[in-house]
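Residues per chain, in single letters:
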Amino acid sequence: MRIGIIDADLLYRKRHRFPNLACMKLSAYWKEQGFETELLLDYSQAGEYDRLYVSKVFTDTFVPEHILTRETTVYGGTGFFYDKAPVLPEAIEHHTPDYHLYDQMVKEHSEGEKKKKEFQFYTEYSIGFLTRGCFRKCSFCVNKNSTGAAPASPLEEFYDPSRKKLCFLDDNFFACAGWEKIFSSVLETGRRFQFRQGLDLRIMQKRQMELLASGKLDNGMIFAFDHIKDQELIVRKLELLREVIPVSYQKIKLYVLCGYDWEGTWKADFWAKDIRDVFIRIEILMRYKCLAYLMRYAAWEQAPEVYKGMYINLSRWCNQPAQYSKKSLREFCTGQGEYSSCFRYLTAFEALHPEMAHYLDMKYEEVQYGKIYG
Ligand code: SF4
């Protein structure tokens with residue numbers, strides 16, 4: 001039996017550079033049963049396989065209908081079913097991934113040092129879930145039906161010692177009761193590691209911060225600051241974090257969710273309030289010398305033009321640490337030229353909301369270090 005595997009996100013999203021874990025596990029499982037597996041890099045040969053697996057993570061990734069309706073096609077993943085995605089059969093879910101599934105694709109596209117770095121998740125990382133689930137039930141999240149974090153795969157299940165680094169996809173690692181034992185298995189490897197989805201700073205205790213800081217962090221620390229209502233708690237935790245990690249260590253990044261109305265009313269004034277809340281969160285992060293990374297919920301595209309333009313401006317500025325740490329938002333937009341859309345939206349926004357003008361001038365280096373609340 002010939003088995004074709006399609007990572008639909010890879011085919012549809014030009015800049016997508018992260019392997020699909022389910023595809024790698026499927027490949028490894030079927031290889032072990034003695035079958036050939038192959039990663040397809042377009043849909044043209046899809047009819048030539050006895051079975052075709054299609055997986056996607058992102059809901060807006062397009063997959064042609066005729067591929068999904070073939071009798072031999074099996075498809076799955078959060079991109080198709082979001083929070084109702086069926087889990088993989090146990091024997092596949094707990095199989096070590098086939099880290100060579102993408103070899104040919106990587107070989108064809110990764111000539112040169114810069115390109116190699118771009119494809120590093122395919123070549124340098126062991127990837128998996130140490131734990132799965134989260135207790136918080138955020139209404140926008142794929143985990144909203146989860147009841148809590150629980151151990152998923154022991155590290156040895158997906159750890160390939162020939163790979164230099166570890167990447168964990170856990171939803172809320174420190175919410176898992178057995179985190180300490182699991183985490184010691186990570187530290188014992190001596191490998192660089194990252195929790196790619198961010199950690200939940202709100203529940204973290206000093207001991208967890210210290211242990212985290214004692215490991216070889218790959219790409220710094222990443223947390224989430226999704227909701228403005230958490231600001232006082234986040235400030236307290238940032239205070240604690242800065243007792244553990246000196247302020248000179250600047251690779252602490254917090255995801256800042258925007259464009260999502262937690263109340264679900266989507267009133268006309270939501271967009272202005274949301275942007276104000278983003279500014280407040282950024283100011284807090286600047287005070288603790290942390291980076292911000294704007295995560296735009298899909299609805300941001302429905303915002304009136306000026307606000308939509310501001311979401312783009314804010315993302316371009318924040319999500320490039322070299323810009324965020326050196327320039328104010330105004331300097332960043334002005335630097336794009338007075339005829340740029342960037343500058344145009346900034347000017348239009350300021351005319352509409354002069355009360356927020358001071359946020360346009362705040363600068364990472366100039367925002368005074370330390371607490372403003374409590
Ligand atoms: S805390 Fe994070 S992982 Fe947990 S439900 Fe909310 S968004 Fe999802």
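Predicted model only: the values in this text are computed from it and were never measured.

Asker: An account of the pairing of strand 10 (residues 221–224) is needed here, citing residue identities and associated values.
Answerer: Side chains on a regular strand alternate between the two faces of the sheet. Neither face of strand 10 is exposed, since Met221 and Phe223 on one face and Ile222 and Ala224 on the opposite face are all buried. As defined by bridge partners, strand 10 adjoins strand 11 (residues 252–258) across four bridges and the pair is classed as parallel. Each residue of the ladder has a partner; that of Phe223, found in strand 11, is Leu254. In this view, the connection linking strand 10 to its parallel neighbour strand 11 by way of helix 12 (residues 231–244) has right-handed handedness.

Asker: Help me get a handle on the site of the ligand, residues and values and all.
Answerer: Around the ligand, the surrounding shell consists of Cys134, Arg136, Lys137, Cys138, Phe140, Cys141, Asn143, Asp171 and Arg202. The class makeup of the residues in the shell around the ligand is four nonpolar, one polar and four charged.

Asker: Give me the lowdown on the packing of aromatic side chains, citing residues and values where you can.
Answerer: Per the stated rule, a full pass over the model turns up 37 aromatic pairs. Taking 5.9 Å as the distance between ring centres and 75 degrees as the angle between the ring planes, the aromatic pair formed by Tyr255 and Tyr293 counts as edge-to-face. Linking Tyr255 in strand 11 with Tyr293 in strand 12 (residues 291–296), this pair joins segments that are 38 residues apart in sequence. When its relative accessible area of 30% is taken as the criterion, Tyr293 is described as partly exposed. Here Tyr260 and Trp266 contribute two aromatic rings whose centre-to-centre distance is 6.4 Å and whose plane-to-plane angle is 85 degrees, an arrangement assigned as edge-to-face.

Asker: Give me helix 2 (residues 21–32): which residues, what numbers.
Answerer: Under the 1.5 Å per step criterion, the end-to-end length of helix 2 is 17 Å for twelve residues, consistent within 8% with the ideal 16 Å. Of all the residues in helix 2, the buried ones are Leu21, Cys23, Met24, Lys25, Leu26, Ser27, Ala28, Tyr29 and Trp30. Backbone geometry just downstream of helix 2 places Gly34 in the positive-phi region, at approximately 95 degrees.

Asker: Lay out the sheet that holds strand 10 in plain terms, naming residues and giving numbers.
Answerer: Spatially, the three strands line up as an open sheet ordered 10-11-12, and their pairing is parallel. Each having just a single partner strand, strand 10 and strand 12 make up the two edges of the open sheet. Taking the axes of each pair of neighbouring strands and ignoring which way they run, one obtains an average angle of 25 degrees across the sheet. Against the sheet, helix 12 makes contact with strand 10 and strand 11, and its axis sits at roughly 165 degrees relative to strand 11, the strand it touches most. Packed on one face of the sheet, helix 13 (residues 270–287) meets strand 11 and strand 12 and runs near 170 degrees to strand 11.

Asker: Can you tell me about the domain arrangement of the protein chain, naming the residues and giving the values?
Answerer: The domain boundaries assigned to the protein chain delineate domain 1 (1–96) and domain 2 (97–360). Taken over C-alpha atoms, the centre of domain 1 sits 27 Å from the centre of domain 2. Summing both partners gives a buried area of about 2,300 Å² for domain 1 against domain 2, and 63% of it is carried by carbon and sulfur. Ranking the residues of domain 1 by area buried against domain 2 places Arg17, Phe18 and Met24 at the top, with a combined share of 30%. In this structure, the connection of domain 1 to domain 2 is made through three salt bridges. Of all elements in the fold, only strand 1 (2–7), helix 2 and strand 2 (36–39) reach the threshold of two or more residues within the side of domain 1 that touches domain 2. Examining the composition of the side of domain 1 that touches domain 2, we find that seven residues originate from one element, helix 2, more than from any other.

Conventions adopted
Counting starts from 1 at the beginning of each chain's written sequence and moves along it residue by residue. Since the coordinates come from a predicted model, pLDDT governs what is reported: local features require at least 70, and pairs of side-chain atoms require 80 or more to be given and counted, while whole-chain, interface and lining totals use all residues. Only hydrogens and water are set aside; all other atoms, that is, all heavy atoms of the structure, feed into the side-chain values. Three labels apply to residues, based on accessible area from a 1.4 Å probe with only protein chains included: buried if under 20% of the type maximum, exposed if over 50%, partly exposed otherwise in between. The numbering of helices and of strands both runs from the N terminus, where a helix is a DSSP run of H or I of at least 4 residues and a strand a run of E of at least 2. At least two bridges found by DSSP between two strands is the condition for calling them paired. Every crossover in which the path from the first strand over the helix to the second runs clockwise, viewed with the strands pointing away from the viewer, is termed right-handed. A single heavy atom is enough: if one lies within 4 Å of a molecule or strand, its residue is considered near that molecule or strand. Only Asp, Glu, Lys and Arg are considered charged, only Ala, Val, Leu, Ile, Met, Phe, Trp, Tyr, Cys and Pro nonpolar, and every remaining residue, Gly among them, polar. Stacked, edge-to-face and tilted labels apply to pairs of Phe, Tyr and Trp rings (six-membered ring for Trp) whose centres lie within 6.5 Å, assigned for plane angles under 30 degrees, over 60, and everything in between, in that order. An expected span of 1.5 Å times one less than the residue number is assigned to each helix. What counts as an axis is a line fitted to C-alpha atoms, over the stretch in contact for a helix, and the angles between N-to-C directions run from 0 to 180 degrees. The contact criterion used is simple: two residues touch if any of their non-hydrogen atoms lie within 4.5 Å. As used throughout, domain bounds are those supplied by an automatic or database domain assignment. In short, buried area is how much 1.4 Å probe accessible area vanishes from two parts on joining, totalled over both. Salt bridges, as used here, are contacts in which a Lys or Arg side-chain nitrogen is within 4 Å of a carboxyl oxygen on Asp or Glu.

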